[in-house]
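# Fold and geometry: a report
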Amino acid sequence: MDITPWGTVDQLVVAAGGRYDQLQQAIVEAGPDRVAELLAAEIRIRTAAPDDVTDVHLNLTMEFRGELFRHLVSFKEGRMSVEAGSSDGILADIRYELTDLVQLLYSPREGIQSHSRDVHVVTWPWTGQNNRFSPLWPDKVVDRAALSQEQRAALGMSRMAILFRAVQAVIAATSNGPVSLDELAARYGSDKWGALHFYTPHYANHFGPLRHEPVRILEIGIGGYDSETLGGESLYMWQRYFPRGLVYGLDIFAKPGVTGPRIRTVVGDQNDPAFLRELAEQEGPFDIVVDDGSHVNEHVRTSYETLFPYVRPGGFYVIEDLHTAYWPEFGGEMPPGSSATTTGLLKDLIDDLHRCELAEDDELPAGKHPSDISIYHNLAVLRKGIAHERGIPAWVQQRADQWIHPGRK
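My aim in this report is to walk through the structure given alongside it, one point at a time. All figures in this text were calculated on a predicted structure; none of them were measured in a lab.

Parameters and conventions
All residue numbers here refer to positions counted from 1 along the written sequence of the relevant chain. In view of the model being predicted, local features appear only for residues whose pLDDT reaches at least 70, and side-chain atom pairs are presented and counted only at 80 or more, with totals across whole chains, interfaces and linings using the full set of residues. Only hydrogens and water are set aside; all other atoms, that is, all heavy atoms of the structure, feed into the side-chain values. Put simply, DSSP marks the helices as runs of H or I at least four residues long and the strands as runs of E at least two long, and each gets a number from the N terminus on. Between buried and exposed lies partly exposed: a residue is buried under 20% and exposed over 50% of the maximum accessible area for its type, with that area taken using a 1.4 Å probe on protein chains only. One requirement defines pairing of two strands: DSSP has to find at least two bridges between them. By the criterion used throughout, a crossover qualifies as right-handed when its path from the first strand across the helix to the second strand runs clockwise, the strands pointing away from the viewer. Patch criteria: residues need more than 30% relative accessible area and no salt bridge. Like-charged residues are merged within 9 Å; nonpolar side chains of Val, Leu, Ile, Met, Phe, Trp and Tyr are merged within 5 Å. Accessibility throughout is a Shrake-Rupley quantity obtained with a 1.4 Å probe, and a residue counts as covered only by protein chains that appear here. What makes a salt bridge here is a side-chain nitrogen of Lys or Arg within 4 Å of a carboxyl oxygen of Asp or Glu, nothing more. Aromatic rings from Phe, Tyr and Trp, taking only the six-membered ring of Trp, are treated as a pair when their centres fall within 6.5 Å; an angle between ring planes under 30 degrees marks them as stacked, one over 60 as edge-to-face, and anything in between as tilted. Both a distance and an angle decide whether a charge sits over a ring: NZ of Lys or CZ of Arg must be within 6 Å of the ring centre and within 35 degrees of the ring normal. A cavity, in this analysis, means grid points on a 1 Å lattice covering only the protein atoms where a 1.4 Å probe fits yet has no way out; a pocket is instead an open set bounded by protein on both sides within 12 Å along at least five of seven lines, and a residue lines either one if it has an atom within 4 Å of a point. Grid points are joined across faces, edges and corners, and a volume is the space filled by probe spheres set on the points.

We now examine unusual backbone geometry. The omega torsion of the bond from Gly-284 to Pro-285 falls at 0°, within 30 degrees of zero and hence cis. Even without being a glycine, Arg-65 presents a positive backbone phi close to 50°. In this fold, Arg-65 is placed in the loop between strand 1 (56-64) and strand 2 (67-76). Its identity as a non-glycine residue notwithstanding, His-295 has a phi of 65°, on the positive side. Structurally, the position occupied by His-295 is in the loop between strand 11 (286-291) and helix 10 (297-307).

As structure tokens, then:
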């Protein structure tokens, strides 16, 4: 199976949770230039570019043992790009020590503060005497002589606010503080929150404790149908929400245009058990699997039965869009009743969860079935674990029968 190895990013995610000297050694082994390139890409995907900042250029400079690695950050019409190199026309230089930046981006806990960040404004909105505006500012040319000193000061302050917003956007991207999954779904265009569905609050409740763990996530269904560039909105959301997570997207169509420093896409059929096993053997175990694929009931069952064994203990398996269990076009039934539907599968799993009430102690399930089943509107979140509780003793059932039917022998 042809999946690009994670390489440097996986090494850094792990090393960021270790000792400082171990992290520095990981940077040396990976190559500081390669690490700087990766961190620049990470900042690019994390930055929320302000809509009103355009034609503004900054330097992002990373230093490691005296060597400097520069990237040009450009804002234009609500978008931000990053490319290797520098420019003479920059307005500010943002500098980090490379090891510090790795810890900021991939720390296993919140609240990490930078010990090296430095911001140097290279070109202020005005220079010299009489509030003379700098020629490097990209705004339209104004007739300076026609402006009063108060007007020139007001225009300069508005330009300075633009500079501050650009710098703040880059710095905020390096923060590992709390982030709203609802806001990320809206930012990247995922349908998991707003209008059609409201899944993200449930995901935040279940996945919140894992947010700073080096999780592996597999989402079935990338979106965008047969387009090579469309789709991936939920993959981008997961990549941003889990700052140390490695995200896999599976789709029947190739998606070479859906990329990210911690995203890999795979072409395959979710109804092919052999393919799914090969994928899971190579890339698993997974912490989270989300089925947002075809929603055909047969496919949902095939994927669950094949992939659930490859969810690590304590991990989650999610089935979205349960409404197709009632749509005959997708193999569903209305009115419901068949165990072949997705809701039928869930009902079977509820029986499995209570198997100890039906079986002897030596027949207790040992992690093959969910230990927790949470059902929401059109969403099921299954947690993998071992059902430790024993069945209710037989004498309790016998006593209850006597209470309900007095005098029965």
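For a regular strand, side-chain orientation follows a simple rule: the groups alternate between the two sheet faces. Of all five residues that make up strand 8 (residues 216-220), five are buried, and the element is covered over most of its length. Judged by which residues are buried, strand 8 turns out to be covered on both faces: Arg-216, Leu-218 and Ile-220 on one side and Ile-217 and Glu-219 on the other are all buried. As paired strands, strand 8 and strand 9 (residues 246-251) are joined by five bridges and run parallel to one another. Looking at strand 9, one finds that Arg-216 is bridged to Leu-246. For the crossover that starts at strand 8, traverses helix 8 (residues 233-241) and ends in the parallel strand 9, the hand is right-handed. Bridge count between strand 8 and strand 11: four bridges; the pairing is parallel. Each bridged residue has a counterpart across the sheet, and for Ile-220 the counterpart in strand 11 is Asp-291.

It is worth spelling out a nonpolar patch on the surface at this point. Side chains of Tyr-225, Ile-252 and Phe-253 sit close together on the surface and give an oily, nonpolar patch of about 370 Å² of accessible area. Position of Ile-252 among the secondary structure elements: in the loop between strand 9 and strand 10 (263-267).

Here we take up the packing of aromatic side chains. Counted by the stated rule, this structure contains 15 aromatic pairs. Measuring from ring centre to ring centre gives 6.3 Å for Phe-308 and Tyr-317, while their planes differ by 65°; the resulting arrangement is edge-to-face. Neither residue differs from the other here; Phe-308 and Tyr-317 are each classed as buried. One aromatic cluster is present, built from ring pairs that chain together Tyr-199, Tyr-203, Phe-207, Trp-238, Tyr-241, Phe-242 and Phe-316. Residue placement shows Arg-211 over the ring face of Tyr-241; its charged tip is 5.5 Å from the ring centre. A cation over an aromatic ring shows up here: Arg-264 above the ring of Trp-6, its NZ or CZ 4.2 Å from the ring centre.

Space inside the largest pocket adds up to approximately 800 Å³. In this structure, the largest pocket is lined by 32 residues; those nearest its centre are Gly-221, Gly-223, Asp-292, Gly-293 and His-295. Elements with a minimum of two residues in the lining of the largest pocket: strand 8, helix 8 and strand 9. It is helix 8 that contributes the most residues to the lining of the largest pocket, three residues altogether.

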